[in-house]
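A look at the structure
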Amino acid sequence: MPETVFAKIIRGEIPARIVHEDDRCLAFHDVQPQAPVHVLVIPKKPVENVAALDGADEALAGHLVLVAAEVARKLGVGDGYRLVFNCGRDGGQSVDHLHLHLLAGRRLGWPPG
Ligand code: AMP
């Protein structure tokens with residue numbers, strides 16, 4: 001998997017506004033927020049996207065979701081938010097390192113664009 005900007009954030013080589021870190025993942029504010037709260041939860045393990053996950057990653061994928069819920073509570077938006085994995089170019093993915101978007105702080109429209 002080619003190196004991405006998120007790998008550099010994990011290694012601390014470029015700055016990020018980190019809101020959570022543990023042995024398996026990192027959560028930080030999106031640099032171009034699409035909502036008042038826009039956080040990305042990423043695994044430290046290099047995985048390209050949801051399509052690249054396999055059975056061995058089941059606990060990791062669940063962990064990302066639970067961390068996103070915890071971060072939402074911590075940031076005061078635990079009552080309403082959206083979690084999104086963009087997968088592939090047609091899915092809107094621009095950074096090829098798995099990431100879970102946590103969006104909150106405004107009424108979110110449906111369907112998404
Ligand atoms: P996606 O389009 O689903 O691949 O989302 C990638 C997200 O990464 C976008 O929302 C970008 O704004 C965000 N992003 C790209 N570079 C950085 C960075 N250096 N720090 C924080 N967020 C970033």
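Heads up: these notes are all about the structure in this document. Bear in mind the structure is a predicted one, so any value in this text is a computation, not a measurement.

Turning our eyes to something else, we now look at the site of the ligand. If you check the shell around the ligand, you find 16 residues, and the closest are Asp-30, Asn-86, Ser-94, His-99 and His-101. Between an oxygen atom of the ligand and a main-chain N or O atom of Gly-92, the distance comes to 2.9 Å. His-99 is positioned such that a nitrogen or oxygen atom in its side chain is 2.8 Å from an oxygen atom of the ligand. Starting from 500 Å² of accessible surface for the ligand in isolation, the protein chains cover 83%. Elements with a contribution of two residues or more to the shell around the ligand: helix H1 (5–10) and strand S2 (25–29). Tallying contributions element by element places H1 first for the shell around the ligand, with three residues. Split into classes, the residues belonging to the shell around the ligand amount to seven nonpolar, eight polar and one charged.

One finds Ala-27, Val-39, Val-41, Leu-64 and Val-71 to be the most contacted residues of the largest nonpolar core, which totals 17 residues. Broken down by element, this core gets its largest block of residues, five residues, from helix H2 (residues 58–74). Ile-9, Leu-26, Ile-42 and Val-95 belong to the second-largest nonpolar core, a separate cluster that totals seven residues.

So, about the pattern of salt bridges. Overall, the coordinates contain five salt bridges when judged by the stated rule. Among the salt bridges present, the one from Arg-11 reaches Glu-3, with a minimum N-O distance of 2.6 Å. Residue Glu-3 is classed as partly exposed on the basis of its relative accessible area of 47%. In this structure, the salt-bridge partner of Lys-45 is Asp-57, at a minimum N-O distance of 2.5 Å. Within this pair, whereas Lys-45 is found in the loop between strand S3 (37–43) and H2, its partner Asp-57 is found in the loop between S3 and H2, the two being separated by 12 residues in sequence. Residues participating in the shared-partner salt-bridge network are Glu-3, Arg-11 and Glu-13.

Glancing now at the packing of aromatic side chains. In this structure the tally under the stated criterion is one aromatic pair. Centre to centre, the rings of Phe-6 and Phe-28 are 5.5 Å apart; their planes meet at 75°, and the pair counts as edge-to-face. Taken as a pair, Phe-6 in helix H1 and Phe-28 in strand S2 lie far apart in primary sequence, 22 residues in all. An identical accessibility class is assigned to Phe-6 and Phe-28; each is buried.

Secondary-structure assignment places Ile-10 in helix H1. With 15 residues separating them in the primary sequence, Ile-10 and Cys-25 have C-alpha atoms 8.8 Å apart. Ignoring sequence-local partners within four residues, the contact set of Ile-10 consists of Leu-26, Ile-42, Pro-43, Lys-44 and His-97.

What counts, and at which threshold
Residues numbered from 1 in each chain as written. Predicted model: local features only at pLDDT ≥ 70, side-chain atom pairs only at ≥ 80, totals over all residues. Heavy atoms only, no water. Near = heavy atom within 4 Å. Polar contact = N/O pair within 3.5 Å; in protein donor to acceptor, adjacent residues only side chain to side chain. Areas by Shrake-Rupley, 256 points an atom, 1.4 Å probe, with all protein chains shown as cover. Helix = DSSP H or I, 4+ residues; strand = E, 2+ residues; numbered from the N terminus. Nonpolar A, V, L, I, M, F, W, Y, C, P; charged D, E, K, R; others polar. Core = buried A, V, L, I, M, F, W, Y, C linked by side-chain atoms within 4.5 Å. Buried < 20%, exposed > 50% of the residue type's maximum accessible area, 1.4 Å probe, protein only. Salt bridge = Lys/Arg side-chain N within 4 Å of Asp/Glu carboxyl O. Phe/Tyr/Trp six-rings, centres within 6.5 Å; stacked < 30°, edge-to-face > 60°. Contact = heavy atoms within 4.5 Å.

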